[in-house]
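Per-entry structural report
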Amino acid sequence: MNAAQLPPVAPEVTATLVEGLSPRLRKRLDAAVTKLAARPTHRDGDTTTIEVDDETELRLYAPGGVVAKVEEVTCGCLLAPACVHRAAAACAAPAADLAPEPAEQATPEAPGPASATAPAAVGPDAAHALGLNVAPASGPDAATGVAANAAPGRAPSTAPDAATPHETASPDQRAAADALWSAGAAVLEAGVDGAGAVTQSALLRAAHTARLRHLPRAAGAALSVVTLLRAARAGDPSYRTAELVTALAELLGTAHRVGTASGAELAAVRGRVRRPYSPDGSLRLYGLFTEPVVTDSGHGGVRTWVAGADGRLFTVGDVAPGGVGRALGVADRAVRLGDSALTHRELGRAGLAVSGATVSPDGRLGAGKAVKAVTARGAAWTEPPLAALWETPPAEQAARALRSTSRYVDPDGTGSDLLFLDVELLGAVREPGGACLLAQCEGGVRVRLTVADDDPALAHRDNLALLAAAPGTRLRIIGRLIPATHPRLTLLACTHPTGEGTVDLGLDRLRRADLPDPSAPAHFAPPQPAGPGGASPLYLLERRVEQTVPAGRAALGLLSDVTAETRRIRRGGLPTAAALLTALCASAAQRDRDLFGRLLPADTDGFAAYWLAAARYTAAVSESLCAAAWNATEGDPVAVPPVPVHDAAG
C-alpha cells in the first residue's frame, strides 16, 4: 500500500483515533502502521478498503475526497472500534490540507512534498539570540550587518487578515500557540527516529486547535512538519533534512510570535486559510515564457509567465497528477482563461487582453466565469514594455528575488524569484554535483547557470550542454534565483543563439545548427572562486542545527567539546554564531538531578528556544552572504550587506 492510495484524513480524526487508544496499543501503533502499509488496498468510489488479513477488512469512507469524521474509518476485527487498525490507517494516510484553494482557481498548481513565548529558563545568551529586550548587536557581526535576530516566519501561500493597530492575540490563541510550541519542541527532543505516530498525533491535534482559533498559518506549519516526518520515516527519496529544519523553525517561530505580536504583525502571524483573489480590472498582458512543472508528489504541468504593461509579473498554470508526461502534453493545450484559444507555448510568445481579471497575491491569474480574455499582439524581449525588465541592475534584482525566496519572510504578496539578465557565455564549470554553465553579466558578476530539472524527458539538460559549446555568445536570459554563496540561477528561458525569437529551455530543444560554431566541443572555463561565503565557518553551526532533526536533542548532548569549532567560528568573524553553538550544545547536554540524585526531565522548551535562534540566525547570515555575492565583482573586497533582522523566534 502506498500512502497516496489512501484518501486524506482530517487532522482531528487522526488525533482522536490515536488519543482513544490504550497505552499498550499506543506502543504498538508504529509497528501497526508499518504492517498495514504492506497490505493490499483498493478503491471503489468514495470507499477505500485495506485487507488487514485474510478475514478482516478496514474501510475509509471519504465523501468529497476527505475522511472528515471518526465514524468514516471502520474495521471488521473483533476489537473494533477500539482496535489499533483504525488509528494505524489514519496515520498512514496523508493529512488533509487545511487551506484549500478557492473554487475560482480552475487550474490550481499542485503543492510540493506544508502564551508561546520563550521559556522562562532561557538565559541571557539565549535571550540575546532570541532578540528579547537586548540592544542591537555590536562587534564583528554588526560590521557584517548580522545581528542575533533573524527573519520572521513565512506563511504557506497565505495573506494576512486585517488587525487593529493595538490588537493582540486572545487567550485561546495563546493557548493554541502554547500547544504548538510544545508539540514542536517534542519533535526536536525525539528527532525523526523517535517522532512516531503518537508524537505526530499531538502535532495534528495542535494544528486542529490552531485552525479553530483562527491561526491557519501555524496550523499549516504543523501539517508540513507531520508530512515531512512521515516522508523521512518512510525513506521517501524526495525528503530533505533542510526542508524539515525550515518547517520546524517556521512552526516554532510562528507559535512564539503569537504571544508577542500585535497589529499588522499579528495579522501576518495569523495568516489566512484561503488564497484571496482580488479584482484587478482590465489587463494587457505580454507573454514571456513557459516552464514545465514536475513535482516529487507525481504532479506535472506547466506555468506560463506573462507581464503587464506596468512590468508586473503574472502566471497562468495547469498542474495536476500526471508527472513529466503530463507536463509535456499540457504545454500544447489551450490556456484556461476566458475565450483565448492560445496554447501555453503560444501564450509565452503572444499577448492577452483580459477584462474582469482576478489575481492572487503571488500573481496567479484567476480563471473564474466572469474573466474574459482574447488574444492580442505580444512583444519581443527587446521591445517595451518587456525590455524594461532587463534594465534593473542584477544586484537589485537578486535582492528582490532573495526577499521573495527567504525562508522566513512574512508574506506580503509581492516580488518574484526571477532574474532578467544580459549575459555573455563563458563555458562550463565542473562542480562536485556535475557541471553548470558560467556566464558574465553586467558589472562583471559571474553567475552559474544550472538546469531547472534534470529529467532526461525535458530539454533542460541537453540545451545547457549545447550552450556550453558556444563561449562568447551573448544572450538575454530569464532564470530563477538559487540562494547560494555565489551568484547562481536555474536557467529557464533565453533568446535564441541566432537572435531570432526565444527558447523555453525546458520544452524547446536547441540543435547544433543553432550554434555559431556547430562543430565546437563543450568549453570548460577555469575553476571559479566559491564566493563571499565560500570560506565562512557558518556551516559548523548549520550542521549542528540539522543534526538535531534526525537524531534529536541527545545527538548534541553526546558531544564532548565544541571549543575548537567555536574558536574557528570566532576567527571567521561570527561571535554570535559561536555563542549560539556553545549555548545550544550546553542546553542539549544539561540534565539536572533532584535531591535524591535522580535525573529530572530535560528542559525541552529551553533547548527548542536555543535551536530556533540558531536556525533563524544561520538562515539570515546565509541570505546576507547570497546578497553580497551579487554585489561583488571579481577581485573586489567583499562587504556583507546588512541583514533585515527581526525577532529570531519568529
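Presented here is a report on the structure given in the accompanying data block. Everything numeric in this text was worked out from a predicted model, so none of it was measured. (Residues numbered from 1 in each chain as written. Predicted model: local features only at pLDDT ≥ 70, side-chain atom pairs only at ≥ 80, totals over all residues. Heavy atoms only, no water.)

**Notes on the overall build of the chain**
In terms of helices and strands, the chain carries 19 helices and 15 strands. The 650 residues of the chain split such that 52% are buried. (Helix = DSSP H or I, 4+ residues; strand = E, 2+ residues; numbered from the N terminus. Buried < 20%, exposed > 50% of the residue type's maximum accessible area, 1.4 Å probe, protein only.)

**Thoughts on unusual backbone geometry**
Most peptide bonds take the trans form, and the phi angle of most residues other than glycine is negative. Cis geometry marks the peptide bond from Ala80 to Pro81, where omega comes out at 5 degrees. Tracing the sequence through the fold places Pro81 in the loop between β4 (73–75) and α3 (84–92). Of note, the amide linkage connecting Pro384 to Pro385 takes the cis form, showing an omega dihedral of 5 degrees. On the secondary structure map, Pro385 appears in the loop between β9 (372–376) and α13 (394–405). Although it is not a glycine, His214 sits at a positive phi angle of roughly 65 degrees. Tracing the backbone through its elements, the reader meets His214 in the loop between α7 (197–212) and α8 (216–233).

**Regarding the pairing of strand β1 (residues 41–44)**
Where β1 lies against strand β2 (residues 47–51), four bridges are found, and the strand directions are antiparallel. Its bridge partner being in β2, His42 is matched across the sheet by Thr49. The antiparallel hairpin formed by β1 and β2 contains two residues in its connecting segment, where Gly45 sits at a positive phi of about 65 degrees. (Pairing = 2+ DSSP bridges.)

**Some thoughts on the pairing of strand β13 (residues 474–481)**
Taking burial as the measure, the eight residues of β13 include seven buried ones, the bulk of the element. In terms of strand pairing, strand β10 (residues 418–431) meets β13 through seven bridges, oriented antiparallel. For Leu418, the partnering residue across the bridge sits in β13 and is Arg480. Strand direction decides the pairing type here: β13 and strand β14 (residues 488–495), joined by five bridges, are antiparallel. Bridging from a neighbouring strand, Leu481 pairs with Leu489 of β14.

**Here we look at the packing of helix α9 (residues 241–258) against helix α15 (residues 539–551)**
Axis separation between α9 and α15 bottoms out at 9 Å; the angle between their running directions is 95 degrees. In terms of their interaxial angle, α9 and α15 are classed as roughly perpendicular. Counted together, Thr241, Ala242, Leu244, Val245 and Leu248 of α9 and Val545, Glu546, Val549 and Pro550 of α15 form the full contact between these two elements. Classifying every residue of the contact of α9 with α15 by side-chain character gives seven nonpolar, one polar and one charged. (Axes fitted to C-alpha atoms, helices over the stretch in contact; angles between N-to-C directions. Parallel < 35°, antiparallel > 145°, perpendicular 65-115°, else oblique. Contact = heavy atoms within 4.5 Å. Nonpolar A, V, L, I, M, F, W, Y, C, P; charged D, E, K, R; others polar.)

**With respect to α15**
With 13 residues, α15 should reach 18 Å at 1.5 Å per residue; the first-to-last C-alpha distance of 18 Å fits that figure. Those residues of α15 not exposed but buried are Leu540, Leu541, Arg544, Val545, Thr548 and Val549. Residues of α15 that are buried sit in contact with α6 (171–194), α9, α16 (553–557), α17 (563–571), α18 (575–589) and α19 (604–631). One or two steps after α15, the chain reaches Gly552, where phi turns positive at roughly 85 degrees. (Expected span 1.5 Å × (residues − 1).)

**Thoughts on the sheet that holds β1**
Across the sheet, four strands lie side by side as β1-β2-β3-β4; this open sheet has antiparallel pairing. Sheet topology places β1 and β4 at the edges, where each strand pairs with a single neighbour. Averaged over all pairs of adjacent strands, the angle between their axes in this sheet comes to 20 degrees, without regard to strand direction. In the sheet, β2 pairs with strand β3 (residues 57–61) via five bridges, with the strands oriented antiparallel. In the strand pairing of β3, Glu51 is matched with Glu57.

Everything listed here is a matter of geometry and, on its own, says nothing about what the molecule does.
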